Amino acid sequence: MQKLTLRFILLFSKLWTRMGIDVAQLRLIIETKLTIDDRSPLTSFGKNQDKKPSKYSTWFQFFIFMLMGAIFLSFVYTIPDKFLATSIFLTLILSMLSLSLITDFSPVLLDNKDQYIILPRPVNDKTLAFSRVLYMLIKISTQLLALSLPTIIYIAINWDIVPVIIFLIQLVLSSLIAVFFVNIFYSLCLRFLSIQKFKDLISYIQIFFSIFVFIGYQIGPRVMANVTEGTSSVHQLKLLWLSPGTWIASFQGLWLQDFSMMTISFSVLSILLLLVAISGSSQLFSKDFNSKIARLAAGDTPVERAENVNVDKIPFYKKIEKLVTSTPLEKAGFSIVWLITARSREFKMQLYPTLAYLPVYFLFLFSQGKKNSFAAKIDDLNTSGLYIMMFYLSLLTVLTVFQLVTKSDKYKAAWIYYAAPIGQTGELMSGVLKASFLKYFLPFNLIFLLICVPLFGIHVINDILLATAIGGVECVLITLFLVKAFPFSQAVQNGKSKVLVNLIVLGLLGLIGYLHIMLHQYEMAIWGTALLMWIVFFFLIKVLKKENWKSLDFETG
Amino acid sequence: MEVSKPIIQISDLRKSYGSKQVLKGINIDIYPGQVIGYIGPNGAGKSTTVKVLTGLINDFEGQVLINGIDIQLDPLTVKSQIGYVPENAELYDVLTPIEYLDFVGKLYGMDDVLIEQRTLQLLKAFGLEAQANNRMDTFSKGMRQKILLISGIIHNPQIIILDEPLSGLDANAVIIVKELISLLAREGKTIFYCSHMMDVVEKVSDRIMLISEGNIIADGTFEQLKTNQSDSLEQIFSKLTGKENGNSEASNIISAIR
């Protein structure tokens, strides 16, 4: 598919040559990059990162995007007004394309290997710059096709020929404009942000992206129901006026004999946008861009920051560390987990989406049920005890944290564990456990406490105490039986699938949660069990400290 | 050389990976305060020896005594007496030097106060005090290497094992490290120095060992090795490892691109 697009682009070789581009080199560079892509592991969805690099990853991605495209189709299918339908569709397409251009392609686009491999060779700047833009276009064209294929098939059957042709042209315009948007984004970022901030920003956008997709799946259908039931034209949906997707879609309005001021000005706007896009794109990724990317690669110019004034001040984590840990080894485990989890981009990228699901589920819980008034819903949840499920959902996070905490792209730095005299691995791991528990589990339960006590009454305290203790016991058991590796000591790709184990753990937790709900009206029983579980929790930590496993994972060489 | 008990005693050390024997019966006695230059071609068994000495590999034949302690029986005590700087080692570079060294120090069981005191002094000595609270992901290779060197000596080990410690260091830092090695030796520390840089080995070591195909084929001071051989260590090396025809290899390369 991508090679096909490339061949299409190469049809205009003469034009490219006249622009001063070496077509043979251009082709070579793009083909090589596409081959590299085919062999790299998937990155667009965090959960797929455990999979081994696959030759078919492009096809798998194509399939996933097509599934998304099928969801987009539902808008076109349910909304009779073609102008509105195309507006929503193109807005979705534009945002998808822009987001994935920013998040998925930025590592490739900003790949500083170009600096070492291509730039020293006799390749001119224009060829290199153009290869970048074309590469983006090729990548985006595949995605565009995947996203819009279901809709194209649908409208080819159901619409007249002219709207279909207009629609296809609109799609091409959208992809050009998406590339343009991303170009603006990159140049602005590179101009105003430090390289480190820029990289951080990209990973935050990635986190936002996965949350966006998740929430989209949760609330998308409802929003759609509202749109189709209520208003039914672009004229009423003023928010859509801001979207370039709507501007491009206005051609459909023109064909429908809608010659209102709005439709005409939108059409003019979209043409203007396109002109700016084309002239802008040819100037971007110029020498300036290359030199900025070169700075990305530069590790030899450390940023001289103003010396920290309060060096003597004890950092917050050290205070907690002092409170909860005793031996140096335990402190080492505690501090490394506390510090690296706060800074490692890959850790945050994989964990934060799962954290974001929590509040979403929380809202979901309240929006369930047939009763309409909020008070009635609260009452319902209170008597059924379903709110308790919330506390157990946060245990999912613990499971994720413990799976991520052994993984790192800096796993080779773990040689230090093997060189250092670590007598009791359990002692180190108990520090790891305490940090994860205090940082990623307890705060949630505190928040739940703050929310639930006013909502449901004081009697939730023992429920939360019990759930927290069970969470603690879960942490220790996971550390004892599932986490047999030092923190940040394993390559991300090498992860073996633990789906089955996870399902068993989740099933068990669900069962315990269910039992808890059954019991929740017997307050004294809950208090008693809570106390018992806390004792078990502290006892298990003692057991963990005495644990000493030999890690066989040291990779020689 | 002072006559004392050897601090490292390796006797008949053998190690195989599958059917391939990498170390074929090595015997070495090393005395406190010696600077050992350990050289050999790629794949000769250098890094395997280092991994045995640092306790990273424990399934070998023969006996290795460090300070009289059998490394196979009590690797932990041995590890706590050794400072190790691996070749091209990675570190958790999202941490700051202070945080990383605190972490390493604690792995060696040191307490907070001692770690803090030594960290600050060592960072200052290596000229990194201004960067003490900056994350290491912005550091150059040389700066990282300095941090690794510090992490290798922070617990005041008896034996220091350095694998290509000069890689990435600039000329000034190289001088510091060379000076450091001789000062450490004067303090009675034993240095085990692995490198391909013959000119440096020649200068810093007071005893040179050459390993080839799993055997020690030369052992002595540079002067001793020189008296019956030619003059530079590089030439001794290529003679002993059977690569004297380096000239013809180079000319083959030239004729290939001509």
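How each quantity is defined
- Residues numbered from 1 in each chain as written.
- Chains lettered and ligands numbered in written order.
- Predicted model: local features only at pLDDT ≥ 70, side-chain atom pairs only at ≥ 80, totals over all residues.
- Helix = DSSP H or I, 4+ residues; strand = E, 2+ residues; numbered from the N terminus.
- Buried ≥ 20, exposed ≤ 12 C-beta atoms within 10 Å, placed from the backbone.
- Contact = placed C-beta atoms within 7 Å.
- Pairing = 2+ DSSP bridges.
- Axes fitted to C-alpha atoms, helices over the stretch in contact; angles between N-to-C directions.
- Nonpolar A, V, L, I, M, F, W, Y, C, P; charged D, E, K, R; others polar.
- pLDDT = per-residue confidence, 0-100.
- Core = buried A, V, L, I, M, F, W, Y, C linked by C-beta atoms within 7 Å.
- Parallel < 35°, antiparallel > 145°, perpendicular 65-115°, else oblique.
- Left-handed = near helix turned anticlockwise from the far one by under 90°.

### Regarding the overall build of chain A
Counting its secondary structure elements, chain A contains 24 helices and zero strands. Within chain A, the fraction of its 557 residues that count as buried is 34%. For chain A, contacts bridging at least 24 residues in sequence account for 82% of all contacts bridging at least 6.

### Focus on the sheet that holds strand β3 (residues 35-39) of chain B
Within a sheet, each strand pairs with its neighbour through backbone hydrogen bonds, oriented either parallel or antiparallel. Residue and element names in this part refer to chain B. One open sheet holds the six strands; their spatial order is β6-β7-β8-β3-β9-β10, and the pairing between them is mixed. Each having just a single partner strand, β6 (82-85) and β10 (215-220) make up the two edges of the open sheet. Averaged over neighbouring strand pairs, the angle between their axes works out to 15° when direction is ignored. Taken together, the four bridges between β6 and strand β7 (residues 159-163) define a ladder with parallel strand orientation. Bridged to tyrosine 84 within β7 is isoleucine 161. Its contacts with the sheet put helix α6 (residues 171-186) on β3, β7 and β8 (190-194), and the angle it makes with β8 is roughly 145°.

### Describing the interface of chain B and chain A
Tallying the contact residues gives 32 residues for chain B and 32 residues for chain A. Put simply, the parts of the chain that give the side of chain B that touches chain A at least two residues each are α2 (75-80) and α3 (97-107) of chain B. Per-element tally for the side of chain B that touches chain A: the top contributor is α3 of chain B, with six residues. Along the lines of polarity and charge, the residues of the side of chain B that touches chain A split into 16 nonpolar, eight polar and eight charged.

### Brief notes about the confidence of the model for chain A
Residue and element names in this part refer to chain A. In this model, chain A carries a mean pLDDT of 75, and residues with pLDDT of at least 70 account for 74%. Taken element by element, chain A is modelled with least confidence in helix α13 (residues 287-297), mean pLDDT 58, and with most confidence in helix α24 (residues 523-546), mean pLDDT 91. Every residue in residues 42-54 is under pLDDT 50, and counting partners more than four places away or in other chains gives 24 contacts. Overall, residues 298-309 carries pLDDT values under 50, and its contacts beyond four positions in sequence, including any with other chains, amount to eleven contacts.

### Focus on the nonpolar core
In this structure, Tyr100, Leu107, Ile161 and Tyr193 of chain B are the most contacted members of the largest nonpolar core, which totals 130 residues. At eleven residues, the largest contribution of residues to this core is made by helix α18 (residues 388-404) of chain A. Core analysis: the next-biggest nonpolar cluster, separate from the first, contains 50 residues, Ile29, Tyr135, Ile155 and Val182 of chain A among them.

### Focus on the sheet that holds strand β5 (residues 69-70) of chain B
Residues and elements named next belong to chain B. The four strands lie next to each other as β2-β1-β4-β5, forming an open sheet whose pairing is antiparallel. The sheet is open, and its two borders are formed by β2 (20-30) and β5, each paired with just one other strand. Helix-sheet contacts for helix α1 (residues 46-53) involve β1 (8-17), β2 and β4 (61-66), and the interaxial angle to β2 is about 60°.

### What to know about the environment of serine 243 of chain A
Tracing the backbone through its elements, the reader meets serine 243 of chain A in the loop between α10 (195-229) and α11 (244-255). Note: C-alpha distance between serine 243 of chain A and isoleucine 88 of chain A (155 residues apart in sequence) is 9.0 Å.

### Digging into the packing of helix α22 (residues 460-481) of chain A against α24 of chain A
Residues and elements named next belong to chain A. Packing of α22 against α24 leaves a shortest axis separation of 8 Å and a crossing angle of 25°. As the angle between them shows, α22 and α24 are arranged roughly parallel. Every pair of crossing elements has a handedness; the one defined by α22 and α24 is left-handed. Residue-level contacts link Asn462, Asp463, Leu465, Leu466, Ala469, Ile470, Gly472, Val473, Val476, Thr479 and Leu480 of α22 to Glu523, Ile526, Trp527, Thr529, Ala530, Met533, Trp534, Val536, Phe537, Leu540, Ile541 and Leu544 of α24.

### Some remarks on the pairing of β2 of chain B
By the bridge criterion, eight bridges tie β1 of chain B to β2 of chain B in an arrangement that is antiparallel. Among the inter-strand pairings, arginine 14 of chain B is bridged to a residue of β2 of chain B, identified as lysine 24 of chain B.

### Structural notes on the environment of phenylalanine 75 of chain A
Locating phenylalanine 75 of chain A in the fold gives a position in helix α4 (residues 57-78). For the pair phenylalanine 75 of chain A and phenylalanine 89 of chain A, spaced 14 residues apart in sequence, the C-alpha separation works out to 6.9 Å.

### Thoughts on the packing of α18 of chain A against α22 of chain A
Helices that pack against each other are described as a pair by the angle of their axes relative to one another and the distance between those axes. All names here are of chain A. Running from amino to carboxyl end, α18 crosses α22 at an angle of 20°, the nearest separation of the two axes being 10 Å. Put simply, α18 runs roughly parallel to α22. Like other packed secondary-structure pairs, α18 and α22 cross with a definite hand, here right-handed. Between α18 and α22, the contacting residues are Ile388, Phe391, Tyr392, Leu395, Val398, Leu399 and Phe402 on the first element and Asp463, Ile464, Ala467, Gly471, Glu474, Cys475, Ile478 and Thr479 on the second. Class assignment of the residues belonging to the contact of α18 with α22 gives a composition of eleven nonpolar, two polar and two charged.

### A word on the environment of asparagine 88 of chain B
Checked against the element boundaries, asparagine 88 of chain B lands in the loop between β6 and α3. As for asparagine 88 of chain B and glutamate 164 of chain B, which are separated by 76 residues in sequence, their C-alpha atoms are 7.9 Å apart.

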